[in-house]
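The chain contents come next:
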Amino acid sequence: MMKKVDEAAYDALRLRQWQAGRAGGFSRRTFLSLAAAASAGTLLRPEAALAETPGPIVKPLPSELFTTFGSNAEMRWSAMRDQGYLVPVDRFFVRDHTSTPIIDTGTWRLTVDGAGLRGGPVEFSLAELRQLPSEMAITAIECAGNGRSFFTTQQGQSVTGTAWTLGAVGVARWRGVLLSTVLRRAGLARRAVDVMPSGLDPTYVTGGVDLGHVRRPMPVAKALYDVLLAYEMNGEPLLPDHGHPVRLVVPHWIGVSSIKWVGRIEVSDQPLFSPWNTQFYRLFGPGYPDEGQPFDKQVVKSAFELDFGATVLAGRTVRLTGRSWSAGGRIRHVEVSTDGGHHWRRARPTGPDLDGAWQRWELDWKPTVGNHELLARATDVRGNTQPEVARYNTLGYLFDGVVRHPVSAVAG
Ligand SMILES: Nc1nc2c(c(=O)[nH]1)N[C@H]1C(S)=C(S)[C@@H](COP(=O)(O)O)O[C@H]1N2
Ligand SMILES: [Mo]
């Protein structure tokens, strides 16, 4: 068994290296000129930038299942009420920086290269990957910006990026080959430091600068620990929108680590940086370093399987259902309030509680006629609890605050 990864130590080290001018893979000069343009008001709207592109997502996005923001579509939580543990692919959220590419599996190759290999580049076809020992993992993928809109609607703070509510998360059963298996076959050297997968979707252009393919590094320790190169989702080949033919699945880490349509994996003997761990997906704002605080892991969250502003019948029992999840470990308990946070009751856990996925729960409630506010607050096995107020950052990542969910009960 590999040693568990210490993300906090990795983040702190890379921050010091970045501050000291280390810039493998992405120059600090580029970063600073981008930052200057951003403060002039033209940049740093990564998730909103391509919202006008027509039809960037391939699968149908019916309004009963999704709320769509251009190249991003979030799952409506009411669509999970009658579902099992997994999110079916027809309602799994999509987050594309540009648009979904259609990739020919016959000519597709995965290239593994870089100074962290003992020899030169190694290529794998899809058939070759499928011949390697396969693994299955039931794991959540969640966008770092999931819940972002609540910084504004609940906390009155302005943030940039897609105004997700809570639907930029999903749990699926992924099957593929462990990244460790592929890296070892490719000749991983002892001096290897970072591993950076990149996608084959169009390069990401913002503020007139082409930042290249979507890519984000991780330390070798994480790459060897639990990362999957997945080619199946819930028992079927990946859909184009979810990374067909092969994507990364990086448990506990923010969604952008799980690179879709992977075409290249660079293995370096130096710390690596990319726009996706320097300019974006860092915490900026009061109390954070000027260069931003690096982060990799998700936080604790809960959602009711109900639309915001849903109508229920008063005077009879309503079964409230929902799910809670945490990158810190399994969920220990979930408390629910049906009166705006004055009184709390323990929700009843139902079904499995897998680490890296979620816990389903339910609670019966007999509402009176009128408007009510539902709240759910989860605590994981390490004692991480959702706070009343999430810590502000300008790009609106990691919203873990307890969400106030309005419903109205009408006479039946
Ligand atoms: N190549 C590539 N990989 C990518 C992205 C992308 O735009 N291009 N988006 C990332 C982000 S920000 C998230 S949250 C997840 C979303 O995965 P999904 O669309 O399968 O739900 O994919 C990640 N992988
Ligand atoms: Mo994301």
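Not measured: the values here are computed from a predicted model. (Residues numbered from 1 in each chain as written. Chains lettered and ligands numbered in written order. Predicted model: local features only at pLDDT ≥ 70, side-chain atom pairs only at ≥ 80, totals over all residues. Heavy atoms only, no water.)

Colleague: For this particular structure, what's the right way to read the packing of aromatic side chains?
Modeller: Within a pair of aromatic rings, the relevant descriptors are the distance that separates the centres and the angle that separates the planes. Under the defined criterion, the tally for this structure stands at 19 aromatic pairs. Both rings, one in Phe 150 and one in Phe 399, keep their centres 5.8 Å apart while their planes meet at 45°; by these two values the pair is tilted. Here Phe 399 lies in the loop between strand S25 (370–380) and strand S26 (405–410) and Phe 150 lies in helix H4 (residues 149–153), a separation of 249 residues in the sequence. For Phe 150, a relative accessible area of 6% puts it in the buried group. Note on Phe 399: relative accessible area 0%, which makes it buried. Ring pairing ties together the aromatic residues Phe 69, Phe 92, Phe 93, Trp 164 and Trp 174, which thus form one cluster. Positioned above the aromatic ring of Trp 344 is the side chain of Arg 377, whose terminal nitrogen or guanidinium carbon lies 3.9 Å from the ring centre. (Phe/Tyr/Trp six-rings, centres within 6.5 Å; stacked < 30°, edge-to-face > 60°. Helix = DSSP H or I, 4+ residues; strand = E, 2+ residues; numbered from the N terminus. Buried < 20%, exposed > 50% of the residue type's maximum accessible area, 1.4 Å probe, protein only. Lys NZ or Arg CZ within 6 Å of the ring centre and 35° of its normal.)

Colleague: Help me out: how do you make sense of the pattern of salt bridges in this one?
Modeller: Pairing of side chains with opposite charge becomes possible as their charged atoms draw close. Applying the stated rule across the entire model yields 17 salt bridges. For Arg 91, the salt bridge goes to Asp 90, with nearest N and O atoms at 2.8 Å. Each of Arg 319, Arg 348, Glu 362 and Asp 364 takes part in a single network of salt bridges with overlapping partners. (Salt bridge = Lys/Arg side-chain N within 4 Å of Asp/Glu carboxyl O.)

Colleague: Just to check I follow, could you spell out the UniProt feature "domain: Oxidoreductase molybdopterin-binding" (unreviewed entry) in the chain for this structure?
Modeller: The sites that UniProt annotates as "domain: Oxidoreductase molybdopterin-binding" (unreviewed entry) are residues 97–276. For residues 97–276, helix accounts for 13% and strand for 30%, while the C-alpha atoms at its two ends are 11 Å apart. (UniProt positions renumbered as here; feature names shortened; annotations may be inferred.)

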